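Topology and contacts: notes
Below are the chains, spelled out letter by letter.
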Amino acid sequence: MKLVKLIGNLGYGSRKEVALMFREGRITDPDGEVLYADDKVAHEHIRIDGEPLDPPTGLALMMHKPLGATCSRKDQGRVVYDLLPPRYRVRDPALSTVGRLDRDTSGLLLFTDDGALLHRIISPRANVAKVYEATLAHDLRGDEGEVFASGTMMLESEKEPLAPAKLEVLDTRRARLTLTEGRYHQVRRMFAAVGNHVETLARRSVGGLELGDLAPGQWRALEKDDIARIFMQETGN
Ligand code: URA
């Protein structure tokens, strides 16, 4: 790929703006030698104003999504993309969230610009377990685990029953729920269907990848090992 296009696709500017950056001598190799738009140079050897280029296409990130931010690029108000470097918002291919978390849900949120990886994670066939912890408005009544694990539970206005889900009771009003699907507001709707109400909800892990000690609002790039870990966990269902 031509350097102007490669750098433009990473969000540094339009083709015209990037061409100007070349003319201004802002794009160099690691020794400060000015590069030209027609040079053939590996990504890792390009510097802009002395700084390494942002990661190439094939980027995957994990974030501790804070409460109050939404996952849609188009939403008004605070969006999860505001927590990333501004250039990441205009990369091509686009960096998308892997599924969504509600505004009022916190926890592990993944992003990638790799469509195949995204589909591999969210495809129900991949059976990637997502673990949520919920605090509830009312005491658990005792039969929720059985209902959620049944594989026959229907949510309102859905045509297919939910896949079996695993409930672990942590406390009278706290539970951990493991899902292999990602239907709209699924956890909240499941508890509502058994007469309860989710007060707080946080996602702890996706497959074998855990949130770890990332603080709310923090993010980091995923390494190959992290991505392998996503596909490494059995659901136990
Ligand atoms: N289920 C929900 O209800 N909300 C989320 O954000 C994720 C799963």
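Our subject in this report is the structure included herewith. The model shown is predicted, which means the values in this text are computed figures rather than measured ones. (Residues numbered from 1 in each chain as written. Predicted model: local features only at pLDDT ≥ 70, side-chain atom pairs only at ≥ 80, totals over all residues. Heavy atoms only, no water.)

Helix-helix packing is characterised by the crossing angle of the two axes and by the distance between the axes. Between helix α1 (residues 3–12) and helix α2 (residues 15–23), the least distance of the axes is 9 Å, while the angle of their chain directions is 115 degrees. The chirality of how α1 crosses α2 is right-handed. Along the contact surface, α1 presents Leu-3, Val-4, Lys-5, Ile-7, Gly-8 and Tyr-12, while α2 presents Arg-15, Val-18, Met-21 and Phe-22. Taken together, the residues of the contact of α1 with α2 break down into seven nonpolar, one polar and two charged. (Axes fitted to C-alpha atoms, helices over the stretch in contact; angles between N-to-C directions. Helix = DSSP H or I, 4+ residues; strand = E, 2+ residues; numbered from the N terminus. Left-handed = near helix turned anticlockwise from the far one by under 90°. Contact = heavy atoms within 4.5 Å. Nonpolar A, V, L, I, M, F, W, Y, C, P; charged D, E, K, R; others polar.)

Right, let's get into unusual backbone geometry. Looking along the chain, the bond that leaves Asp-92 and enters Pro-93 is cis, with omega of 5 degrees. For Pro-93, the position within the fold is in the loop between β4 (60–65) and β5 (96–97). For His-185, which is not glycine, the phi dihedral falls at a positive 50 degrees. Taking relative accessible area as the criterion, His-185 reaches 29% and is therefore assigned partly exposed. (Buried < 20%, exposed > 50% of the residue type's maximum accessible area, 1.4 Å probe, protein only.)

Here we take up the site of the ligand. Around the ligand, a shell composed of Leu-101, Asp-102, Thr-105, Tyr-132, His-185, Gln-186, Val-187, Arg-188 and Leu-201 is seen. For the ligand, an oxygen atom lies 2.9 Å from a polar atom in the side chain of Thr-105. Between the ligand and the protein, one listed contact pairs an oxygen atom with a backbone N or O atom of Arg-188 at 3.0 Å. For the ligand, whose unbound accessible area comes to 240 Å², protein coverage reaches 96%. By residue number, the principal contributor to the shell around the ligand is helix α5 (residues 186–193), which donates three residues. (Near = heavy atom within 4 Å. Polar contact = N/O pair within 3.5 Å; in protein donor to acceptor, adjacent residues only side chain to side chain. Areas by Shrake-Rupley, 256 points an atom, 1.4 Å probe, with all protein chains shown as cover.)

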